[in-house]
Amino acid sequence: MKQFFFFVVMATLLVACQQPNPDAEKANVEAAINDFYSAAQQFDYEAMRSFCTSDFTAFEDGVKYNTLDDFINLFKGIEGATIDMKLNFVKTEVSENIAHATVEFDARFTKEPAAIHFLTYEDYILTKLNNKWLLSYFHSSHLPNPEDTDYASVHLLKVPEGTALDELSGTIEKLNEAIASLGYWDCGYKLLQIKEDKSDTYNYFIRGNWKNPETYKIIHDSDAFNKVADSIPESVRGVLKTQLYVKVGKIE
């Protein structure tokens with residue numbers, strides 16, 4: 001009987017020794033997320049891959065990224081920028097080989113002349129494979145940025161019947177590409193058609209999003225933007241000459 005109890009005690013101790021330490025596992029999960037972003041700040045894409053599963057997906061600012069390559073392309077667009085990221089882990093939970101972490105995220109990207117700042121609230125799902133925690137999925141919700149004053153430009157246009165809209169749309173697309181090349185991928189123009197109560201005066205509308213006057217100036221003073229602006233087709237220039245153009249922002 002004593003021998004039986006001895007084996008029971010030893011088996012219990014062996015199982016207990018094999019169980020991972022909850023606090024240590026939480027620390028390992030948070031370290032994996034921190035290491036992923038440390039690699040991102042260095043634009044070390046191979047290192048970023050080493051912290052993710054092969055089926056990694058993400059949902060960032062309303063856009064779904066179906067692969068890690070899709071997400072990495074975000075960083076490729078701002079290569080050379082100085083990145084400052086601060087991660088505050090709100091809650092981390094581990095259940096066997098699955099972990100969930102909630103993070104308050106504060107990031108600044110500086111690549112002259114662009115300076116981008118955003119705050120987010122993010123949820124991460126990680127999977128433990130071969131004794132290593134890997135990012136499998138994350139969802140990012142952008143929080144209101146105090147530097148965003150809803151600064152925008154409003155362009156009311158009268159586009160004559162028969163005028164090809166493809167040149168106007170193409171110009172806007174090129175301007176947006178120039179703006180994105182500066183690092184301001186969340187700024188730029190959008191062309192809309194006036195659907196109701198339209199008059200003989202205006203039938204199209206361009207909305208420009210700039211966040212604040214400082215960003216507007218940086219973009220419109222840039223060589224990338226002005227190179228496109230200087231090559232606008234004459235047909236588009238003719239439409240823009242008769243536009244109603246104003247800048248708007250939050251009510252003070």
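The shown structure was predicted, so the numbers you read here are calculated from the model rather than taken from an experiment. Residue numbering note: each chain is counted from 1, following its sequence as written. Whole-chain, interface and lining totals are the exception, using all residues; otherwise, since this is a predicted model, local features are given only for residues with pLDDT of at least 70 and side-chain atom pairs are given and counted only at 80 or more. Heavy atoms throughout the structure, all of them, feed into the side-chain values; hydrogens and water do not.

Colleague: Residues and numbers for helix H6 (residues 213–221), please.
Modeller: When accessible area is computed with a 1.4 Å probe and restricted to protein chains, residues below 20% of their type maximum are described as buried, those above 50% as exposed, and intermediate ones as partly exposed. Helix and strand assignments follow DSSP, with helices taken as H or I runs no shorter than four residues and strands as E runs no shorter than two, numbered in order from the N terminus. All of the buried residues in H6 are Thr215, Tyr216, Ile219 and His220. Down the axis of H6, the buried side of the element spans an arc of 120 degrees, and every buried residue falls inside it. Along H6, exposed side chains directed more than 90 degrees from the buried face belong to Glu214 and Lys217. Here the buried face of H6 lies against strand S7 (151–157), helix H5 (165–181), strand S8 (188–193), strand S9 (204–211), helix H7 (223–229) and strand S10 (244–248). Taking the helix axis as origin, the arc is that swept by the directions to the C-beta atoms. Throughout, a contact is declared for two residues whenever any of their heavy atoms are within 4.5 Å.

Colleague: Pulling in residues and values, what's your account of the sheet that holds strand S2 (residues 63–65)?
Modeller: Taken in spatial order, the 6 strands make up an open sheet running S2-S1-S6-S5-S4-S3, and their pairing is mixed. Edge positions in the sheet fall to S2 and strand S3 (82–95), since each has one partner strand and no second. Across the sheet, the mean angle separating the axes of adjacent strands is 15 degrees when strand polarity is ignored. Judged from the 13 bridges that link them, S3 and strand S4 (residues 98–111) form a sheet pairing that is antiparallel. The residue of S4 that forms the bridge with Leu87 is Phe105. Axes here refer to lines fitted to C-alpha atoms; in helices the fit is confined to the stretch in contact. Angles between the N-to-C directions go from 0 to 180 degrees. Against the sheet, helix H2 (residues 22–41) touches strand S1 (52–60), S3, S4, strand S5 (114–129) and strand S6 (132–142), its axis set at about 160 degrees to S3. Strands are labelled as partners when DSSP assigns at least two bridges between them.

Colleague: Would you mind going over the sheet that holds S7 in detail, with residue names and values included?
Modeller: Strand order across the open sheet formed by 4 strands is S8-S9-S7-S10, with antiparallel pairing between neighbours. In the strand order of this sheet, the two ends are held by S8 and S10, each with one partner. Within the sheet, the average angular offset between the axes of one strand and its neighbour, ignoring direction, is 15 degrees. Of the pairings in the sheet, the one linking S7 to S9 comprises 7 bridges and is antiparallel in character.

Colleague: Could you give an account of the pairing of S5, with specific residues and numbers?
Modeller: For a regular strand, side-chain orientation follows a simple rule: the groups alternate between the two sheet faces. Of the strand pairs in this sheet, S4 and S5 are connected by 14 bridges, and their pairing is antiparallel. Of the residues in S5, the one forming a bridge with Phe105 is Thr120. Counted along the chain from S4 to the antiparallel partner S5, the turn is 2 residues long. The pairing of S5 with S6 spans 10 bridges and is antiparallel. When the bridges of S6 are listed, Asp123 appears paired with His139. Hairpin connection of S5 to S6: 2 residues between the antiparallel strands, including Asn130 at a positive phi of 50 degrees.

Colleague: How would you summarise the nonpolar core if you had to cite specific residues and measurements?
Modeller: In this text, buried Ala, Val, Leu, Ile, Met, Phe, Trp, Tyr and Cys residues form a nonpolar core when linked through side-chain atoms within 4.5 Å. Counting residues in hydrophobic clusters, the biggest one holds 62 residues, and the most contacted among them are Phe36, Tyr37, Phe75, Phe109, Tyr124, Leu126 and Leu135. Sequence-distant contacts of Tyr124, that is, excluding residues within four places in its chain, are made with Ile33, Tyr37, Ala99, His100, Ala101, Val103, Phe105, Leu135, Tyr137 and Phe138.

Colleague: How would you summarise the environment of Ser153 if you had to cite specific residues and measurements?
Modeller: Here Ser153 shows up in strand S7. Considered as a pair, Ser153 and Val248 are 95 residues apart in the sequence and their alpha carbons are 6.1 Å apart. For Ser153, the side chain forms a polar contact with the side chain of His155, separated by 3.0 Å. What qualifies as a polar contact is a pair of N or O atoms within 3.5 Å, subject to a donor-acceptor requirement within protein and to the restriction that residues adjacent in sequence count only when both atoms come from side chains.

Colleague: A description of helix H4 (residues 68–76) should follow, citing residues and the corresponding values.
Modeller: Along H4, the residues classified as buried are Leu68, Phe71, Ile72 and Phe75. For H4, the buried positions fall inside an angular range of 100 degrees around the axis, keeping them on one side.

Colleague: Can you tell me about the confidence of the model for the protein, naming the residues and giving the values?
Modeller: On average, the protein scores 87 in pLDDT, and the residues at 70 or more come to 90%. Element-level pLDDT for the protein is lowest in helix H1 (residues 2–18), with a mean of 48, against a maximum mean of 96 in helix H3 (residues 45–50). Confidence scores here are pLDDT values: one per residue, from the predictor, ranging 0 to 100. Here residues 8–17 is modelled with pLDDT under 50, and outside its nearest four sequence neighbours on either side it reaches 0 contacts, counting other chains as well.

Colleague: I'd like to hear about the packing of aromatic side chains, residue by residue, with values.
Modeller: Ring pairs are drawn from Phe, Tyr and Trp, using the six-membered ring of Trp, whenever the two centres fall within 6.5 Å, and their geometry is named by plane angle: stacked under 30 degrees, edge-to-face over 60, tilted for the rest. Taken as a whole, this structure holds 15 aromatic pairs when the rule is applied. Centre to centre, the rings of Tyr65 and Phe71 are 5.9 Å apart; their planes meet at 80 degrees, and the pair counts as edge-to-face. Taking 5.7 Å as the distance between ring centres and 70 degrees as the angle between the ring planes, the aromatic pair formed by Phe71 and Phe75 counts as edge-to-face. Taken together, the residues Phe71 and Phe75, both in helix H4 and 4 residues apart, mark about one turn of the helix. For the pair shown, Phe71 and Phe75 are each scored as buried. What links up through ring pairs into an aromatic cluster is the set Phe36, Tyr37, Phe56, Tyr65, Phe71, Phe75, Phe105, Tyr124 and Phe138. Two thresholds decide whether a charge sits over a ring: the Lys NZ or Arg CZ must be within 6 Å of the ring centre and within 35 degrees of the ring normal. Looking at Lys76, its charged tip hangs above the ring of Tyr45, at a distance of 5.5 Å from the centre. Here the basic side chain of Lys132 rests over the ring of Phe51, its NZ or CZ set 5.1 Å away from the ring centre.

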